[in-house]
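Chain and residue survey
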Amino acid sequence: MNLVLLTPLALLGFAALLLPVLLHLSRRQEHRVTPFAALRWLAGPAFARRRLRVIRPWLLLLRLLLLASCIALLAQPVLRGDWRGARPWVVVVPGADLAAARARLPGDAARWHWLTAGFPEIDKSINSEPQATASLLRELDTELPPDTHLSIVAPARLGGLDGERIRLTRTLEWIILPATAASPMPAPTSTPLRVAIRYDASGEPGLRFARAVVAAWNALDPDHYVADIQTVEHPVGADSTWLWWLADDIPPAVDAWINAGGIALTTPARPDTQAQTVWSDAEGNPLATETLRGRGRRIALSVPLTPITLPAVFDANFPQRVMSLLRGAAPAPVQAYAEQSLSSDGARRATSTPFRLDDSLIALIALLFALERGIAMRPVRSVA
């Protein structure tokens with residue numbers, strides 16, 4: 001806890017404390033002269049002796065305190081730090097090594113809790129179900145007092161994310177430890193993605209570009225994309241993830257496949273008022289539009305897939321452009337490395353909320369003013 005002045009220049013006003021002192025020293029006791037005949041023949045002293053004398057010292061002290069309180073109020077003092085004496089919190093994400101966390105943070109001053117629903121204490125048993133880590137951290141940040149120091153113990157790979165970097169409103173201490181052997185993080189699996197390519201005589205010129213695009217994908221991710229190249233007479237398999245339709249007409253079977261959740265990249269189609277432009281050239285002309293069809297999506301090229309009508313086929317980023325069209329909006333990640341999701345630039349570090357002393361000073365000023373007026377209004381006894 002420390003005292004901070006928001007307006008320190010107001011302390012120059014303490015020079016005004018000399019004013020009431022000078023006023024009290026300059027005042028003289030008022031005497032009323034009463035003529036007395038028997039005393040007029042007595043001679044006074046040769047030199048009058050003067051002595052500094054403070055009239056009504058208690059009133060002077062109250063006025064000094066009142067003026068000092070007003071100056072302190074103008075300086076706007078605040079208290080920063082853990083002035084409430086709140087104990088720090090250590091929150092352990094399930095899956096982190098608790099023994100290593102105890103060794104990393106020794107001592108009994110902090111309160112240890114699990115990052116699960118209700119934030120139970122560390123000695124309570126918890127279930128092994130997956131937890132919404134990001135939501136629980138935001139909830140904990142909202143419920144804890146602003147001045148409570150928070151330490152988060154997390155495993156190297158963190159689950160339960162919602163696609164956004166975790167941003168909290170307090171100064172944090174991230175402690176990243178290896179995961180326990182009893183609760184390892186599941187390794188991500190990679191399943192080959194099947195791309196169905198169907199063509200007829202009108203779309204055969206674009207077939208070589210479709211082959212080149214799939215080959216470029218496999219060059220970046222070997223054996224991850226399987227091309228199923230057939231004529232339009234062959235049906236689209238149910239295990240196909242994407243469809244590249246190089247023909248003019250789309251049969252009802254393909255429409256049903258798209259409505260059931262398929263994603264198709266087709267040749268130019270008739271204008272659709274519900275279509276949304278997802279790719280444009282440098283002049284702003286639309287090159288591809290997207291239409292939602294049931295649970296699926298249809299991406300229609302605005303021009304045929306030939307070098308004359310679509311020069312972008314020779315661009316180096318054309319395979320990535322086609323992949324982004326087919327993938328659409330990327331799903332929110334549910335797992336990430338803790339160093340990436342819990343980094344210092346991912347948390348908005350904020351200072352603790354200061355405690356202002358304005359109300360206390362105003363109450364003190366009112367009390368001192370009432371006492372000063374009460375003493376000042378009392379009559380002064382004459383000293384013989």
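Coordinates for the structure precede this section.
Now for a look at the structure at hand. Each chain carries its own residue numbering, running from 1 in the direction its sequence is written. Totals for whole chains, interfaces and linings use every residue, but because this is a predicted model, local features are given only for residues with pLDDT of at least 70 and side-chain atom pairs only at 80 or more, for both listing and counting. Excluding hydrogens and water, the side-chain figures rest on all heavy atoms present in the structure.

1. Points about the sheet that holds strand S9 (residues 225-231)
Going by this rule: Pairing between strands requires that DSSP locate at least two bridges from one strand to the other. Only runs of H or I of at least four residues qualify as helices and only runs of E of at least two qualify as strands under DSSP, and these elements are numbered from the N terminus. Only the stretch in contact is used when fitting a helix axis, every axis being a line fitted to C-alpha atoms; angles between N-to-C directions are given from 0 to 180 degrees. Contacts are residue-level and defined by heavy atoms, with any inter-residue pair within 4.5 Å sufficient.
Taken together, the seven strands give an open sheet; going across it, the order is S9-S8-S10-S11-S14-S13-S12, and neighbouring strands pair in mixed fashion. Edge positions in the sheet fall to S9 and strand S12 (276-280), since each has one partner strand and no second. Each adjacent strand pair in this sheet contributes to an overall mean axis angle of 20°, direction not counted. Relative to strand S11 (residues 263-266), strand S10 (residues 242-246) is paired through four bridges, and the arrangement is parallel. Looking at S11, one finds that Trp 244 is bridged to Leu 265. Sitting on the sheet, helix H6 (residues 252-259) touches S10, S11, strand S13 (286-293) and strand S14 (296-301), and the angle it makes with S10 is about 150°.

2. As for the environment of Ala 201
We count it as follows: In this scheme, a residue with accessible area under 20% of its type's maximum is buried, one over 50% is exposed, and one in between is partly exposed, where area comes from a 1.4 Å probe on protein chains only.
Relative to the helices and strands, Ala 201 is located in the loop between strand S8 (193-199) and helix H5 (207-220). On the basis of relative accessibility, which here comes to 68%, the residue Ala 201 falls in the exposed class. In this structure, the C-alpha to C-alpha distance between Ala 201 and Ala 247, residues 46 residues apart in sequence, is 7.7 Å.

3. A short note on the nonpolar core
Here is the rule we go by: Put simply, buried Ala, Val, Leu, Ile, Met, Phe, Trp, Tyr and Cys residues joined by side-chain atoms within 4.5 Å make one nonpolar core.
Counting residues in each nonpolar core, the largest one holds 30 residues, and the members touching the most others are Trp 217, Trp 242, Trp 244 and Leu 305. Put simply, the parts of the chain that give this core at least two residues each are S8, H5, S10, S11, S13, S14 and helix H7 (318-327). Of all hydrophobic cores here, the second largest spans 19 residues; its members include Trp 89, Ala 154, Leu 168 and Trp 174.

4. Some points on the pairing of strand S5 (residues 150-155)
Regular strands place their side chains on alternate faces of the sheet. A large share of S5 lies buried, amounting to six of its six residues. Residues Leu 150, Ile 152 and Ala 154 of S5 are buried on one face, and the alternating residues Ser 151, Val 153 and Pro 155, pointing to the opposite face, are buried as well. Across four bridges, strand S3 (residues 89-92) lies against S5 in parallel orientation. In the sheet register, Val 91 faces S5, and the bridge partner there is Ile 152.

5. Observations regarding the packing of H5 against H7
Quick note on the threshold: Oblique is the label for any angle not under 35 degrees, not over 145, and not in the 65 to 115 range, which are roughly parallel, roughly antiparallel and roughly perpendicular in turn.
Where H5 contacts H7, the two axes come as close as 9 Å, and the packing angle between them is 90°. For the element pair H5 / H7, the angle class is roughly perpendicular. Across the interface between the two elements, Val 213, Ala 216, Trp 217 and Leu 220 of H5 pack against Phe 318, Pro 319, Gln 320, Val 322, Met 323 and Leu 326 of H7.

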